[in-house]
Each structure stands twice: as C-alpha cells, then as structure tokens.
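This is what each chain is made of:
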Amino acid sequence: MRVLVVKDEESLAEAIGAGLRRDAVTAETARDGREALAKLRLGGYDVLVLDRDLPGLHGDEVCRQVIGQRLLTRVLMLTSPGTVHHRPDAPGPGLGADDYLTKPFTHEELLARVLALGRRPRLVPAPVIAHAGVTVDTARGLAARDGRPLALSHTELGVLEVLLRARGAVVSGDDLIEEVWEEHTSYRTNAVRVTLGTLRAKLGDPPLIETVPGAGYRMTGGPDDGDGADV
C-alpha cells in the first residue's frame, strides 16, 4: 500500500510517515496542497492522509480537486474537533473525503483508518486520455494527434501518459524516471531529455510539451486548448 501524507508541519508529517513505514506501509510526504496534487496526478497512491488546515491551497480545495479530477486515491481528512463531516455522495456542502480523523489521534487510530481505506476497491480509470487533440488509449497502448496515429515507443507512450494525467502541472525529470523507466535507470543519464526530444518530434506542431527551466515539463494547450480529460 502506498500513502501520501500532507501536512505543513514537516516534523509531524515525517513522524506520521515514519510510523506508517514501521507497519510496512509505503509512506511519502508533501508539505502543501499544490505539491500533493502534483504527486497525486502521477498516480500510484492508495490513500491520501490530508490535513484540512493547510496554508495556501486549503485541504478542502485539495479534496475537491481529488474528487473532481477523479484522481484514484482514497482521502482520509485530518480535522479539528467540531468539524462537520460529509461523505462524498452526501447532499449539500461538505468536505467530500472518504473518512475523517479528528485531531489529536493515536498512531493506532490512524493506521486502522488507513488500512481500512486501502482495502476498498479503487475505481478503474477511463482507458482514453485526451487533451488538445492528443489521445492516449491506455488499455491498448495507442496514441494519436488530431486523428493521426503516433508510432511511439513504450517509453515515449509512458512519458506522454504521465504528462497528460498531470493536466498541465509541472512534472520533474526525476518523477518521470520514477514513473516510466526501470529501477536500474541512472538518474544521471540524459534519458528524459532524449525521449522528450523524440516525443516532441513525433507529436509535431504546434508544440505541446513545454520545458519549465529548473522544474520539469508540462503539457500546454494547442489551438483547441482545454483541460485534459478522461473519455
């Protein structure tokens, strides 16, 4: 099971993560909502442990985006005493998380909630991702732009899928390597740069993959700009 812990107090986030790892749960941390969403868009997390009281992008908004973008993770919201809780399918306004844990809590309580959420079946993602005329059929491993089939390698297809699922968010080179390449790939190679070069050439004009200096890469819109969507 893979868990993302989001809390602005780094020491507490690391303490929660360390506790989960002691119980054989793979746990990573994020310090704010934007970092959390960037990681979640890459996929692979079974449970999101989300502090509601985050600075900047509030935990409520993070939760709404997780649900609205159909990111495949269960949400355990950490709330203050007195918070009114609603299920995602409940009528009227609410936070929309899958479960809630009121602070303060014990490690045993947190672990039990995380394990329970991790056992719930995850929704199957739609097989086709589309953005700005580019489509990727994840079930059949096919890609096209404006109806023109793209002859992509397995690695090029993987990079394109990760960038499309990020929905315009910046994806670092390290994250691309972690998601697409085999574990033995050296982080010092130019594999990402070379693959992006060939992928850009195959996608053609106008360019759709932008390099963000010092940060990574992201998908931009074409003439038919729009949010990436699963169809």
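The structure we're discussing is the one just above.
Small disclaimer: the values here were computed from a predicted structure and weren't measured.

Definitions and limits used
Here, residues in each chain are numbered from 1, in the same order as that chain's written sequence. A pLDDT threshold of at least 70 governs which residues receive local features in this predicted model, and a stricter bar of 80 or more applies before side-chain atom pairs are shown or counted, although totals over entire chains, interfaces and linings include all residues. By convention in this description, side-chain values take in all heavy atoms of the structure and omit both hydrogens and water. Going along the chain from the N terminus, every DSSP run of H or I of four or more residues is numbered as a helix, and every run of E of two or more is numbered as a strand. Exposed residues in this analysis have more than 50% of their type's maximum accessible area, buried residues have under 20%, and partly exposed residues fall in between, with area computed by a 1.4 Å probe over protein chains only. By the convention used here, residues are in contact when the closest approach between their heavy atoms is within 4.5 Å. Each accessible area value is a Shrake-Rupley result obtained with a 1.4 Å probe; residue values ignore everything except the protein chains displayed when judging cover. Pairing of N or O atoms within 3.5 Å defines a polar contact, subject to two protein rules: one partner must be a possible hydrogen donor and the other a possible acceptor, and residues neighboring in sequence count only if both atoms are side-chain atoms. Any two strands with at least two DSSP bridges between them are considered paired. Note on geometry: axes are C-alpha line fits, over the in-contact stretch for helices, and angles between N-to-C directions span 0 to 180 degrees. To qualify as a nonpolar core, a set must consist of buried Ala, Val, Leu, Ile, Met, Phe, Trp, Tyr and Cys residues joined through side-chain atoms within 4.5 Å. This arc is taken over the directions from the axis of the helix to the C-beta atoms. Each aromatic pair joins two rings of Phe, Tyr and Trp (for Trp, the six-membered one) with centres within 6.5 Å, and gets the label stacked for planes under 30 degrees apart, edge-to-face for over 60, and tilted for any other angle. Criterion for a charge above a ring: Lys NZ or Arg CZ within 6 Å of the ring centre, and within 35 degrees of the ring normal. In what follows, roughly perpendicular refers to angles from 65 to 115 degrees, roughly parallel to angles under 35, roughly antiparallel to angles over 145, and oblique to any angle outside these ranges. Throughout, the ten residues Ala, Val, Leu, Ile, Met, Phe, Trp, Tyr, Cys and Pro are labelled nonpolar, Asp, Glu, Lys and Arg are labelled charged, and all others, Gly among them, are labelled polar.

Undergrad: Sorry if this is basic, but what is going on with the overall build of the protein here?
TA: Assigned secondary structure in the protein consists of seven helices and twelve strands. The 231 residues of the protein split such that 44% are buried. Long-range contacts, defined as pairs at least 24 residues apart, comprise 59% of the intrachain contacts of the protein with a sequence gap of at least 6. Accessible area for the protein stands at about 11,800 Å²; split by element, carbon and sulfur atoms hold 52% of it.

Undergrad: What's the story with the side chain of Lys 7 in this structure? I'm lost.
TA: As for its position among the elements, Lys 7 is in the loop between strand E1 (2-6) and helix H1 (10-22). You can call Lys 7 buried: its relative accessible area is 7%. Within the structure, the side chain of Lys 7 is placed 2.8 Å from the side chain of Asp 51, a separation counted as a polar contact. Dropping the residues within four chain positions of it, Lys 7 is found in contact with Leu 12, Ala 13, Ile 16, Ala 30, Arg 31, Asp 51, Leu 54 and Lys 103.

Undergrad: Would you mind going over the sheet that holds strand E2 (residues 26-30) with me for this structure?
TA: Hydrogen bonds between backbone atoms are what pair the strands of a sheet, whose relative direction is either parallel or antiparallel. Read across the open sheet, the five strands follow the order E2-E1-E3-E4-E5; overall the sheet is parallel. At either margin of the open sheet sits one strand with a lone partner, and together these are E2 and strand E5 (99-102). On average, each strand axis in the sheet is inclined to that of its neighbour by 20 degrees, with strand direction left out of account. Of the strand pairs in this sheet, E1 and E2 are connected by five bridges, and their pairing is parallel. Across the sheet, residue Val 6 finds its bridge partner in E2, namely Ala 30. Against the sheet, H1 touches E1 and E2, its axis set at about 170 degrees to E2.

Undergrad: Teacher, can you tell me more about the nonpolar core here?
TA: Here is a general trend for soluble globular proteins: nonpolar side chains tend to be buried in one another's company. Ranked by size, the top nonpolar core spans 30 residues in total, and within it Val 159, Leu 160, Leu 163, Leu 176, Trp 181 and Ile 209 carry the most contacts. The element best represented in this core is helix H5 (residues 154-165), accounting for six residues. Excluding anything up to four places from it in sequence, Ile 209 contacts Leu 163, Leu 196, Leu 199, Arg 200, Leu 203, Tyr 217, Arg 218, Met 219 and Thr 220. Judged by nonpolar contacts, the second largest core, of 19 residues, contains Leu 37, Leu 48, Val 62 and Ala 97.

Undergrad: Help me understand helix H6 (residues 173-180) in this model?
TA: Counting along an α-helix, one turn takes 3.6 residues, and residues three or four places apart therefore face a common direction. When we look at burial in H6, the residues that qualify are Leu 176, Ile 177 and Val 180. An end-on view of H6 places all buried positions within 100 degrees of arc, on one side of the element. At its buried positions, H6 is contacted by H5, helix H7 (191-203) and strand E11 (216-219).

Undergrad: Is there a simple way to think about the packing of aromatic side chains in this case?
TA: Aromatic ring pairs: the centre-centre distance and the angle between the two ring planes describe each pair. In this structure the tally under the stated criterion is zero aromatic pairs. Directly above the aromatic system of Tyr 45 lies the positively charged group of Arg 2, at a separation of 4.1 Å from the ring centroid.

Undergrad: How should I be thinking about the packing of H5 against H7 in this particular structure?
TA: Helix-helix packing is described using two parameters, namely the angle between the two axes and the distance between the axes. The N-to-C vectors of H5 and H7 enclose an angle of 80 degrees; their axes lie 10 Å apart at closest approach. One finds that H5 runs roughly perpendicular with respect to H7. For the pair H5 and H7, the contacting residues are Thr 155, Glu 156, Val 159, Leu 160 and Leu 163 in the first and Thr 195, Leu 196, Thr 198, Leu 199, Lys 202 and Leu 203 in the second. Its residues assigned to classes, the contact of H5 with H7 comprises six nonpolar, three polar and two charged.

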